[in-house]
Amino acid sequence: MQLTRALMVAAGLLVAQYVYAEDTQDEHMMRVCVDNYPPFQILEPDRSPIGEHVAALELFASLLQRRLVFVSSPNFARCLHMLEQGSVDVLAGIYAKPERAAYSYFLPYRNDGRFVFISQKALANVNDYEDLTTLAIGVSRETEYFDRFDSDARLHKVQTNDVISATNMLLKGRFDLLIVSEVVLPSLRARFDDFDDKLRVHPYTHEEHRQVYFGVSKRHQMGIPLSKMQAIIGHAYEEGRFMQVVEEFAKQHLEHY
């Protein structure tokens, strides 16, 4: 049983809600946490993960000559906890926050994208930021959006586990508005057949010009000095290699967009 599980982990298969490698001292292994957040990370039964972040993580592991091992998680908040505890080595797609710097190194990955707001069709137009102040807004737990929004104590934010459960809650009227990354809209439309019949995207959007990073746990077990990782990953970022694999994934998987 132990050998079978180890072989499945080595193949990168998600055989349970959480999958851990048997030998956590293997320096040739790079453990990464993934939750289901299309098109960044897409988890399907009996299949290896795919997605924009997954494509970038595959390149990351190849550059460092490490074997990629996926650890599945129900949500992003749990991934952050694993990174803090050192039960995973790397997490893709995070912002550099002071509280995260206590347990994570930040290596450059990509620039940020645009955020949009969706609601049921009956809601009046959200035309600017101030229109948000009277509405209940669904947010994904431990997800950073943009500085003004994240720090605004006036806003009524309703915590949800992930964007899929949040969309279900929006359809049931649990809150007025949902904030999501624009890139996830096609996958939401594909998942929810009644998306365009019942929901709408509002005129107000926000694009934050900031960096998105790979988070490397300060308790990582990859056996590579930080300076070497910074040199290798930084060079690949400067050459645009991570965005190249992301764009290639998008071309090959239009069904997720």
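Our subject is the structure that appears above.
Within every chain, residues take consecutive numbers counted from 1 along the sequence as written. Owing to the predicted nature of the model, reporting of local features is limited to residues with pLDDT of at least 70; listing and counting of side-chain atom pairs is limited to 80 or more, with chain, interface and lining totals taken over all residues. Hydrogens are left out, water is left out, and the side-chain values use all remaining heavy atoms of the structure.

Draft legend 1. Layout of the pairing of strand β1 (residues 29-34). The element β1 is extensively covered by neighbouring structure, given that six of its six residues are classed as buried. Neither face of β1 is open: one carries M29, R31 and C33, the other M30, V32 and V34, and all of them are buried. At least two bridges found by DSSP between two strands is the condition for calling them paired. Only DSSP runs of H or I covering at least 4 residues are called helices, and only runs of E covering at least 2 are called strands; the numbering of each starts at the N terminus. Sheet analysis places β1 next to strand β2 (residues 67-72), joined by six bridges and oriented parallel. If you follow M29 over to β2, its bridge partner there is R67. Looking down the strands as they point away from the viewer, one classifies a crossover as right-handed if the path from the first strand across the helix to the second runs clockwise. Following the chain from β1 across helix α2 (residues 52-63) to the adjacent parallel β2, one finds a crossover that is right-handed. Whether a residue is buried, partly exposed or exposed follows from its accessible area with a 1.4 Å probe, protein chains only, as a fraction of its type maximum: under 20%, in between, or over 50%, in that order.

Draft legend 2. Up close: the sheet that holds strand β9 (residues 199-207). Here we have five strands laid out as an open sheet, ordered β7-β6-β8-β5-β9, and mixed in their pairing. The strands lining the two open edges of the sheet, one partner per strand, are β7 (156-160) and β9. Averaged over neighbouring strand pairs, the angle between their axes works out to 30 degrees when direction is ignored. Relative to strand β8 (residues 177-181), strand β5 (residues 114-120) runs antiparallel, the two sharing five bridges. Paired with V116 across the two strands is V180, which belongs to β8. Contacts were defined at the residue level, with two residues in contact if any of their heavy atoms lie within 4.5 Å. Here an axis means a line fitted to C-alpha atoms, over the contact stretch when the element is a helix, while the angle between two N-to-C directions is reported on a 0 to 180 degree scale. Sitting on the sheet, helix α6 (residues 163-171) touches β5, β6 (136-140), β7, β8 and β9, and the angle it makes with β8 is about 155 degrees.

Draft legend 3. Looking closely at the environment of S217. Here S217 shows up in strand β10 (residues 211-217). S217 sits 133 residues away from E84 along the chain, and the two C-alpha atoms are 6.4 Å apart. Two N or O atoms form a polar contact when they lie within 3.5 Å of each other; inside protein one atom must be a possible hydrogen donor and the other a possible acceptor, and for residues adjacent in sequence the pair counts only when both atoms belong to side chains. Separated by 3.0 Å, the side chain of S217 and the backbone nitrogen of R219 make a polar contact.

Draft legend 4. Region of interest: the nonpolar core. Among the nonpolar cores identified, the biggest contains 42 residues, and F60, L132, F149 and F214 are the most heavily contacted of them. The element that contributes the greatest number of residues to this core is α2, accounting for six residues. Contacts of F149, omitting those with residues within four sequence positions, involve F117, Y129, L132, I137, V139, L155, K157 and I179. Residues V163, A166, L178 and V180 belong to the second largest nonpolar core, which totals 18 residues. Here the nonpolar core consists of buried residues drawn from Ala, Val, Leu, Ile, Met, Phe, Trp, Tyr and Cys, with membership extended through side-chain atoms lying within 4.5 Å.

Draft legend 5. Just unusual backbone geometry, in detail. The peptide bond linking P38 to P39 adopts the cis configuration, its omega dihedral lying at 0 degrees. Mapped onto the elements of the fold, P39 is located in the loop between β1 and α2. The residue Q65 is not glycine, and still its phi comes out positive at about 55 degrees. One can find Q65 in the loop between α2 and β2. On the accessibility criterion, Q65 (66% relative accessible area) is exposed.

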